[in-house]
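A look at the structure
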Amino acid sequence: MDGMIDLHAHTTASDGTLTPKQLAWEAKKAGLTACAITDHDTVAGVKEFLAACGEAGVEGVPGVEISAKYSGEMHILGLYTDYENEGFLKKLYRLEHSREIRNKKMIERCCELGFEITEEEVLACKASDYTGSIGRPHIAQVFINRGYAKDKNEAFEKYLKKGKCCYVGRELYTPGDTISMIKEAGGIAVLAHPIYISRDYDKLYEIISELKHLGLDGVECRYWEYDNEFTEMITELCERLGMLKSGGSDFHGGTKPGLMLGCGMGNLRVPYEYLENMKNTNRRL
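These numbers were taken from a predicted model, which means no experiment stands behind them.

1. Some thoughts on the sheet that holds strand S2 (residues 34–37)
- Strand order in the open sheet formed by seven strands is S1-S2-S3-S4-S5-S6-S7, and the pairing between neighbours is mixed. Every interior strand has two partners, whereas the edge strands, strand S1 (5–6) and strand S7 (244–248), have only one.
- Alignment of S2 against strand S3 (residues 59–67), held across four bridges, turns out to be parallel. Note on S3: the bridge partner recorded for isoleucine 37 is proline 62.
- Along the sheet, helix H10 (residues 272–281) contacts S1, S2, S3, strand S4 (75–79), strand S5 (188–191), strand S6 (218–223) and S7; its crossing angle with S7, the most-contacted strand, is approximately 135 degrees.

Okay, structure coming up:
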């Protein structure tokens, strides 16, 4: 097969604005040969997505995006995970629960610092964007509504991102444990958007080499925020380490306006060859 694919997309099961069924038909509309659903810490939308992909004539890939414990930001995609694996589901539930606890603590922290926000306001922002889980973007929207920030970028940069006054961490698994839970569920573990970890070749080589030793299978070599230089660099690094290549838009629908499924900001093209190589590597697929 040939054609373009997208192996990184979100739905209302986490923080996207399209339902899993709508994502499948959006993939059809975008002319994609295949598409993966990779909601944050949940596989709740996978079954609906795969059924809709069958109707739309798009190859559906079950997946999840898991945040791993790291000094900066590290997300690992689990593609082709068994979304009905009981052990896997229990571990994902623990992550979802930790997110709920973190949200409450962040709201409390904001109030302690003089920002008058309530849980009801945050819930109302969640309801208005049709996403399935509450997170920092909804707290950021309350900041905007109350005039504490002009936009979400300012809310995060000043108050909500890691290291800022309103930030509260949450329980996460180590990268090794995250990779292991994906592999135990029969999945392929892929490092998402390494550009958020570093732009330095030597540092990324060291980090990804260690992750490979822990069982990492691949790296997201094409992503909407990469420029040509970074795409070439991470692709060369991936090939040097003998790892699988992946790519995706990180599509969220209305929560990331202008970011389109399959093509990002118009600069993204992910070949079907990437998916074919994954399936050839994992013979059970």
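From this point, the discussion proceeds with the structure in view.
2. Concerning helix H7 (residues 175–184)
- Along H7, the residues classified as buried are Pro175, Gly176, Thr178, Ile179, Met181 and Ile182.
- Buried-residue contacts for H7 involve S3, S4, helix H3 (86–112), S5 and helix H8 (201–213).
- Of the residues one or two after H7, glycine 186 is the one with positive phi, at around 80 degrees.

3. Some points on a negative patch on the surface
- On the surface, Asp200, Asp202, Glu206 and Glu210 cluster together to form a negatively charged patch.
- Tracing the backbone shows glutamate 210 in helix H8.
- Judged by its relative accessible area of 44%, glutamate 210 is partly exposed.

4. Here's the deal with the pairing of S5
- Both faces of S5 are covered, namely the face carrying Ile188 and Val190 and the face carrying Ala189 and Leu191.
- Bridge analysis of S4 against S5 gives four bridges, and the strand direction is antiparallel. Along S5, the bridge assignment pairs isoleucine 76 with leucine 191.
- Taken together, the two bridges between S5 and S6 define a ladder with parallel strand orientation. Residue leucine 191 lies in a different strand from S6, and its bridge partner there is valine 219.

The rules behind these values
- Residues numbered from 1 in each chain as written.
- Predicted model: local features only at pLDDT ≥ 70, side-chain atom pairs only at ≥ 80, totals over all residues.
- Heavy atoms only, no water.
- Pairing = 2+ DSSP bridges.
- Helix = DSSP H or I, 4+ residues; strand = E, 2+ residues; numbered from the N terminus.
- Contact = heavy atoms within 4.5 Å.
- Axes fitted to C-alpha atoms, helices over the stretch in contact; angles between N-to-C directions.
- Buried < 20%, exposed > 50% of the residue type's maximum accessible area, 1.4 Å probe, protein only.
- Patch = residues over 30% accessible without salt bridge, like charges linked within 9 Å, V, L, I, M, F, W, Y side chains within 5 Å.
- Areas by Shrake-Rupley, 256 points an atom, 1.4 Å probe, with all protein chains shown as cover.
- Salt bridge = Lys/Arg side-chain N within 4 Å of Asp/Glu carboxyl O.
- Lys, Arg positive; Asp, Glu negative; His and termini not counted.
- Charge placed at Lys NZ, Arg CZ, Asp CG, Glu CD.

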